[in-house]
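As a plain string of letters, each chain reads:
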Amino acid sequence: DSSTDPIISTTSIQVTNLTVESSGTLTINTGKDLTLSGNFSNSGIVTMNSDSDEYAILIVSGTSSGDIKYNLYINDYDDGWDLKGSPVGDGSSNGSVTGTDFESTTISSTVYYALQAYDNSDNSWTANSTSGSQALTPAKGYSTATDNSSSGETVLFTGPLDADNVTIAITENVGSGDGTQWNLVANPYPSYLALNALATTASDATTNFLTYNATTQDILGYSAGEDVVYAWDGSEYDTYSNASAKYIAPGQAFFVSAASGGGTLDFLESMQT
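Residues numbered from 1 in each chain as written. Predicted model: local features only at pLDDT ≥ 70, side-chain atom pairs only at ≥ 80, totals over all residues. Heavy atoms only, no water.

K.L.:
Before we go on, may I ask you to explain the overall build of the chain in this structure?
P.N.:
From N to C terminus, the chain includes 2 helices and 26 strands. In terms of C-alpha radius of gyration, the chain reaches 18 Å, essentially the compact-globule figure of 19 Å for 273 residues. For the chain, the C-alpha atoms occupy an extent of roughly 60 × 50 × 35 Å along the three principal directions. The buried share among the 273 residues of the chain stands at 46%. In the chain, the proportion of contacts linking residues at least 24 apart, taken out of those at least 6 apart, comes to 66%. Surface accessibility of the chain: about 12,000 Å² in total, with carbon and sulfur atoms responsible for 42%. (Helix = DSSP H or I, 4+ residues; strand = E, 2+ residues; numbered from the N terminus. Rg over C-alpha atoms; globule rule 2.2 N^0.38 Å. Buried < 20%, exposed > 50% of the residue type's maximum accessible area, 1.4 Å probe, protein only. Contact = heavy atoms within 4.5 Å. Areas by Shrake-Rupley, 256 points an atom, 1.4 Å probe, with all protein chains shown as cover.)

So, in structure tokens, the structure goes:
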């Protein structure tokens, strides 16, 4: 049992089932975590917070209902583009964000916001030109930046928590004009994911992103050595394989290389930690 409107301010909080009533609020502070072995039901307000290097975590093993609010930290435009996706949303309802939360620029009287999707059919970026609520595809990555001139800031993402496995199609368009094998994808959960086998060993995850998708499913790596993750560090792309234990932060986006013909990329509940 907890007090009314609890705030999760310590780590490793575990419960079985959790219901947030319509008049109630639950807050998970930056860097803190809540794990449910059972079901989650929210009729009130659930808020999760983050900063530049720490993230609130919520893991639900059972069923989930109701929207949550995730304040996801995104770099300022002056500090470089930040690859992000929505840490909320499921197969029936996408996570949403507001266009005006991002850096804006005006071109020929049209305002464009720094929320850009990547198209590998012609190796292009498409800037968002709508100021209202934007529905973001689960597990899809976007190039983003905020408009705070002094530092980055959090952006509010709202949507249901996905308590199931999440899949996204990745394509390979090499040889078709300017097409490429690169796909920008993102962690769709409000929790970390084990990236590689060493992370599985070092955490409570039972599978990991690279082993499952590159080896078990064999859908990563158009060319030799491309069955890795490519993450933008602000100035260049770094590659991550299995050299040391690595984890994918909530909402973190990154590039993967689709194998010839493409396929379906999987984010599994069992990768969460």
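This is not the end of the story, as more comes after the structure.
K.L.:
Please clarify how the pairing of strand 12 (residues 95-98) should be interpreted in this entry.
P.N.:
Regular strands place side chains that alternate from one sheet face to the opposite one. Only one face of strand 12 is buried, namely the one carrying Gly95 and Val97, since none of Ser96 and Thr98 on the opposite face is buried. Of the strand pairs in this sheet, strand 12 and strand 16 (residues 133-136) are connected by 4 bridges, and their pairing is antiparallel. From the neighbouring strand, Ser96 faces strand 16, where its bridge partner is Ala135. (Pairing = 2+ DSSP bridges.)

K.L.:
Would you mind going over the sheet that holds strand 5 (residues 33-36) with me for this structure?
P.N.:
Working definition: the strands of a sheet are paired by backbone hydrogen bonds and lie parallel or antiparallel to each other. Taken in spatial order, the 3 strands line up as 2-5-8 in an open sheet, and their pairing is parallel. Bordering the open sheet on either side are strand 2 (13-15) and strand 8 (57-60), each of which pairs with just one other strand. Neighbour-to-neighbour, the strand axes of this sheet turn through a mean angle of 10 degrees, independent of strand direction. Note that strand 5 and strand 8 share 4 bridges and pair parallel. The residue bridging Leu34 from the neighbouring strand is Leu58, located in strand 8. (Axes fitted to C-alpha atoms, helices over the stretch in contact; angles between N-to-C directions.)

K.L.:
Please explain the nonpolar core as it appears in this structure.
P.N.:
For soluble globular proteins, the rule of thumb is that nonpolar side chains tend to be buried together. Grouped together as the largest cluster of nonpolar side chains are 33 residues, with contacts concentrated most on Phe40, Leu58, Phe102 and Phe157. For this core, the elements supplying multiple residues, two or more each, are strand 3 (18-20), strand 4 (25-28), strand 5, strand 7 (45-49), strand 8, strand 10 (67-74), strand 14 (110-119) and strand 18 (153-160). Discounting residues that sit within four places of it in the chain, Phe40 has contacts with Leu18, Val46, Leu58, Val60, Thr63, Ser64, Ser65 and Ile68. The next biggest cluster of nonpolar side chains, apart from the first, holds 22 residues, and it includes Ile170, Ala214, Leu268 and Met271. (Core = buried A, V, L, I, M, F, W, Y, C linked by side-chain atoms within 4.5 Å.)

K.L.:
Would you explain the side chain of Gln134 in this entry?
P.N.:
Assignment of secondary structure puts Gln134 in strand 16. For Gln134, a relative accessible area of 12% gives the class buried. Among the polar contacts made by the side chain of Gln134, one reaches the main-chain carbonyl oxygen of Thr130 at a distance of 3.3 Å. In this structure, Gln134 is in contact with Gly95, Ser96, Val97, Gly99, Leu115 and Asn128, ignoring residues within four places of it in sequence. (Polar contact = N/O pair within 3.5 Å; in protein donor to acceptor, adjacent residues only side chain to side chain.)

K.L.:
For this particular structure, what's the right way to read the sheet that holds strand 9 (residues 64-65)?
P.N.:
Read from one edge to the other, the open sheet built from 3 strands follows the order 3-6-9, with strand pairing classed as parallel. In this open sheet, the two strands that pair with only one neighbour each are strand 3 and strand 9. Of the pairings in the sheet, the one linking strand 6 (residues 40-42) to strand 9 comprises 2 bridges and is parallel in character. Residue Phe40 lies in a different strand from strand 9, and its bridge partner there is Ser64.

K.L.:
How should I be thinking about the environment of Ser86 in this particular structure?
P.N.:
Within the secondary structure, Ser86 is located in the loop between strand 11 (82-84) and strand 12. Note on Ser86: relative accessible area 2%, which makes it buried. Spatially, the C-alpha atom of Ser86 lies 6.5 Å from that of Leu136, the residues being 50 residues apart in sequence. Not counting residues within four places of it along the chain, the set of residues in contact with Ser86 comprises Gly95, Leu136, Phe157, Asn187 and Pro188. A polar contact of 2.7 Å, which involves the side chain of Ser86, links it to the backbone oxygen of Val88.

K.L.:
Can you walk me through unusual backbone geometry in this structure?
P.N.:
Within the chain, Asp5 stands out as a residue other than glycine whose phi angle is a positive 55 degrees. Mapping Asp5 onto the fold places it in the segment before strand 1 (7-8). Overall, the relative accessible area of 36% leaves Asp5 in the partly exposed class. Within the chain, Ala139 stands out as a residue other than glycine whose phi angle is a positive 75 degrees. Among the structural elements, Ala139 can be located in the loop between strand 16 and strand 17 (142-144). Judged by its relative accessible area of 2%, Ala139 is buried.

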